[in-house]
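Summary of the model geometry
Here are the chains, one letter per residue:
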Amino acid sequence: FWSGLIGAVVFRRNLIVMLLCTEIVMLACNMNFLFAAAYLNDMTGVIMSITITTIAACETAIGLALCVTYFHIRSATDVEALNLLK
C-alpha cells in the first residue's frame, strides 16, 4: 500500500506511472479484504475484492484511453501539461 502511495507522490510527472501506482494501492486493498475474509471465514471480503477488481479494471481502461488520446494530441505523457486541456 505504501509503495503505491509513495510512488504516486514521487513520480507525479508521468501519467502512466501514476496509474500503475493507483493499481498497486487497489491491489493492496484487495489483499487486505481477502486476508480478512480468510481469517473470519466470511464471503463479504471476497465480494468486496471482486468489486474493487472490477472498479480497478474500469479505471485502468478509462485512464489508459485518456493517456493514449493525450499522447496522440501532445506527444507527451507529462502531467504538468494537462492544465493545457482546460
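This text goes with the structure placed above it.
Presented here is an overview of the structure given in this document. (Residues numbered from 1 in each chain as written. Predicted model: local features only at pLDDT ≥ 70, side-chain atom pairs only at ≥ 80, totals over all residues. Heavy atoms only, no water.)

**Description of the side chain of Ser49**
Put simply, the rule reads: In DSSP terms, a helix is any run of H or I states spanning at least four residues, a strand is any run of E spanning at least two, and both are numbered starting from the N terminus. Exposure categories follow from relative accessible area, calculated using a 1.4 Å probe and restricted to protein chains: below 20% of the type maximum is buried, above 50% is exposed, and the middle band is partly exposed.
The topology assignment puts Ser49 in helix H3 (residues 44–74). A residue is classified by how much of its surface remains accessible, and Ser49, at 7% relative accessible area, is buried.

**Comments concerning helix H2 (residues 15–40)**
Filter applied, for reference: By this rule, a helix spans an expected 1.5 Å times one less than how many residues it contains. Two residues qualify as a contact provided that any one of their heavy atoms is within 4.5 Å of a heavy atom in the partner residue.
With 26 residues, H2 extends 38 Å between its outermost C-alpha atoms, agreeing within 8% with the 38 Å of an ideal straight helix rising 1.5 Å per residue. Among all positions in H2, only Leu15, Leu19, Cys21, Glu23, Val25, Ala28, Asn30 and Ala37 are buried. Elements that come into contact with the buried residues of H2 comprise helix H1 (2–10) and H3. Remark: Asn41 follows H2 within two positions and exhibits a positive phi of approximately 55°.

**Quick notes on the environment of Thr22**
Mapping Thr22 onto the fold places it in helix H2. For Thr22, a relative accessible area of 31% gives the class partly exposed. Sequence separation of Thr22 and Glu59 is 37 residues, and the distance between their C-alpha atoms is 9.4 Å.

**Re the packing of H1 against H2**
Let me state the cut-off plainly: To get an axis, fit a line to the C-alpha atoms, keeping to the stretch in contact for a helix; angles then go from 0 to 180 degrees between the N-to-C directions. Small angles under 35 degrees read as roughly parallel and large ones over 145 as roughly antiparallel, with 65 to 115 read as roughly perpendicular and the rest as oblique. By definition, turning the near helix anticlockwise from the far helix through less than a right angle yields a left-handed crossing, and turning it clockwise yields a right-handed one.
Where H1 meets H2, the closest approach of the two axes is 7 Å, and the angle between their N-to-C directions is 160°. Our classification of the angle between H1 and H2 gives roughly antiparallel. H2 is crossed by H1, and the crossing has left-handed handedness. Residues Ser3, Gly4, Leu5, Gly7 and Ala8 of H1 pack against Met18, Cys21, Ile24 and Val25 of H2.

**Regarding H3**
The end-to-end C-alpha distance of H3, which contains 31 residues, comes to 44 Å, matching closely the 45 Å that a straight helix rising 1.5 Å per residue would cover. Within H3, burial applies to Gly45, Ser49, Ile52, Ala56, Gly63, Cys67 and Tyr70. Residues of H3 that are buried in the fold lie against H2. In the stretch just after H3, Ser75 is the one whose phi turns positive, near 60°.

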